[in-house]
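Residue strings, one per chain:
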Amino acid sequence: MNVDLHLHSNYSDGSDSVEELVEKLRNGDIKIFALTDHDTVCGCQEIVQKKLAKDIKFVQGIELTCSGNGVNCHLLGYNCDINNQTLTGLINKGKKLRRIKLDKRIKYLKDVWNIDLTQNEIDWLYSRESVVKTHIANVLVNRGLAQDNLSAMKKYLDGCKTEKTRFSIDEAIDAIITSGGIPVFAHPLGGEGEKHYTPNEFMPILSKMINYGIKGLECYYSRYTAEEATFLVECANRFNLFISGGSDYHGFNKDISIGRLSSDGSIVQSEQLTIIQEF
């Protein structure tokens, strides 16, 4: 079966509504999927409430932005109880952290680039369930200041320091496990626009993450080559970690298609992902 365990809706920084997303998954012959919006489960709640995924397997998920012991990372939480108080408490904390980060970036645009956002633009940003850098970049693109959101982020926003606005890795893993979920290290060799780690650079990071308590690695990822996927699968098997995979689809906010779990477009199916047996 075709699988995609890393997808974003417009509840965070994707462009698709959950209804649009589920319909695209269905049309793309995806049989098992996880919605993993940044620091929010509102999209998961809508899918459950509206019973949008009756004919395909839906895994409730979340992606948490974390740091600790010199490591900045994203953690995927799979099969979480989205009503668990520990998890919802962390999500509410995340909303406050994201607002702090948003304020810093708005001030940075004004102070460094002499860009004053209008009140309507600020109101729209504050209305987002989980506001992220992509939202601000889209505002800048709409103004004609950049051709796309990636170049907007690189030019106008990447220089803004937003320290201490991430969850600690400890609290993120605790919230996922307490809610009955499985914590998985997302795009462990580096995500979109991030430093890409070599195997030698990655191993000390992996050691730290295992000590924190991760249970899986996202071995198959839309930006990773077959060689990188093979390396990560070997790491997962060596340390008895679940093997996961996802596209990191964001709609038109990233040039990644649904179900693309490798850089060359080769098909990754459910039997290659050991984490599937837990769902």
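Residues numbered from 1 in each chain as written. Predicted model: local features only at pLDDT ≥ 70, side-chain atom pairs only at ≥ 80, totals over all residues. Heavy atoms only, no water.

In this structure the tally under the stated criterion is 6 aromatic pairs. An angle of 70° between the planes, with centres 4.9 Å apart, marks the rings of Trp-113 and Tyr-156 as edge-to-face. You can see Trp-113 sitting in helix H3 (residues 85-113) and its partner Tyr-156 sitting in helix H6 (residues 149-157), a full 43 residues away along the chain. A relative accessible area of 6% places Tyr-156 in the buried class. Taken together, Phe-185, Phe-202 and Phe-231 form an aromatic cluster joined through their ring pairs. (Phe/Tyr/Trp six-rings, centres within 6.5 Å; stacked < 30°, edge-to-face > 60°. Helix = DSSP H or I, 4+ residues; strand = E, 2+ residues; numbered from the N terminus. Buried < 20%, exposed > 50% of the residue type's maximum accessible area, 1.4 Å probe, protein only.)

This part is about the packing of H3 against helix H7 (residues 169-178). Direction vectors running N to C along H3 and H7 enclose 145°, while the axes themselves pass 8 Å from each other. Here Thr-86, Leu-87, Leu-90 and Lys-93 of H3 come into contact with H7, specifically with Glu-171, Ala-172, Asp-174, Ala-175 and Thr-178. Split into classes, the residues belonging to the contact of H3 with H7 amount to 4 nonpolar, 2 polar and 3 charged. (Axes fitted to C-alpha atoms, helices over the stretch in contact; angles between N-to-C directions. Contact = heavy atoms within 4.5 Å. Nonpolar A, V, L, I, M, F, W, Y, C, P; charged D, E, K, R; others polar.)

Another point: empty space enclosed by the protein. All told, the structure shown has 1 cavity of 30 Å³ or more when counted by the stated rule. Here the largest cavity defines a volume of roughly 50 Å³. Forming the walls of the largest cavity are Asp-39, Thr-65, Gly-94, Leu-97, Arg-98, Lys-101, Thr-165, Arg-166 and Phe-167. Per element, the largest residue contribution to the lining of the largest cavity is 4 residues, and it comes from H3. In the lining of the largest cavity, the residues fall into 2 nonpolar, 3 polar and 4 charged. (1 Å grid on protein atoms, 1.4 Å probe; cavity = no way out; pocket = protein on both sides within 12 Å on 5 of 7 lines; lining within 4 Å. Points joined across faces, edges and corners; volume = space filled by probe spheres on them.)

All right, on to H6 then. Where H6 is concerned, the buried positions are Asn-149, Ala-152, Met-153, Tyr-156 and Leu-157. Buried residues along H6 cover an arc of 100° about the axis, so they all sit on one side. Considering only its buried residues, H6 is in contact with H3 and helix H5 (133-142). A distance of 3.1 Å separates the backbone nitrogen of Leu-150 from a side-chain oxygen at the start of H6, and that oxygen is part of Asp-148. (Arc of directions from axis to C-beta. Polar contact = N/O pair within 3.5 Å; in protein donor to acceptor, adjacent residues only side chain to side chain.)

This part covers the layout of surface pockets. Looking at the largest pocket, its volume works out to about 1,100 Å³. Secondary-structure elements contributing two or more residues to the lining of the largest pocket are strand S3 (57-68), strand S4 (71-78), H3, H5 and H6. At 6 residues, H6 tops the list of elements feeding residues into the lining of the largest pocket. Counted by class, the lining of the largest pocket contains 6 nonpolar, 16 polar and 16 charged residues. Volume-wise, the second largest pocket comes out at about 230 Å³. The biggest single contributor to the lining of the second largest pocket is S4, with 4 residues. Here the lining of the second largest pocket is composed, by residue class, of 7 nonpolar, 5 polar and 3 charged.

In this section: the side chain of His-74. Here His-74 lies in strand S4. A distance of 2.8 Å separates a polar atom in the side chain of His-74 from a polar atom in the side chain of Glu-63. If near-sequence neighbours (up to four positions away) are discounted, His-74 is found in contact with His-38, Glu-63, Leu-64, Thr-65, Arg-166, Val-184, Phe-185, Ala-186 and His-187.

With that settled, the discussion passes to the state of the cysteines. According to the stated counting rule, one finds 0 disulfides in the structure shown. For Cys-73, which is in no disulfide, the shortest distance to another cysteine sulfur is to Cys-66 and amounts to 4.9 Å. Since its relative accessible area comes to 4%, Cys-73 is described here as buried. The thiol of Cys-80 is not disulfide-bonded; the next cysteine sulfur, from Cys-44, is found 8.6 Å away. (Disulfide = S-S within 2.5 Å.)

A word on helix H1 (residues 18-27). The α-helix winds at 3.6 residues per turn, so residues separated by three or four positions along the chain end up facing the same way. When we look at burial in H1, the residues that qualify are Val-18, Leu-21, Val-22 and Leu-25. For H1, the angular spread of buried residues about the axis comes to 95°, placing them on one side. Looking at the buried side of H1, the elements it contacts are strand S1 (2-7), strand S2 (30-35) and helix H2 (42-50).

Right, let's talk about the pattern of salt bridges for a bit. Should their charged atoms come close, side chains of opposite charge can pair. Scanning all chains against the criterion turns up 17 salt bridges. In this structure, the salt-bridge partner of Lys-95 is Glu-129, at a minimum N-O distance of 3.0 Å. With Lys-95 in helix H3 and Glu-129 in the loop between helix H4 (119-127) and H5, the pair connects residues that are 34 residues apart, well separated along the chain. Where Asp-255 meets Arg-223, a salt bridge forms, and the shortest distance between an N and an O atom there is 2.6 Å. One end of the pair, Asp-255, is in the segment after strand S8 (242-246); the other, Arg-223, is in the loop between strand S7 (216-221) and helix H9 (226-238), and 32 residues separate them in sequence. Judged by its relative accessible area of 62%, Asp-255 falls in the exposed class. Take Arg-223: its relative accessible area is 28%, and that puts it in the partly exposed class. (Salt bridge = Lys/Arg side-chain N within 4 Å of Asp/Glu carboxyl O.)

Treat this as a map of the structure, not an account of what it does.
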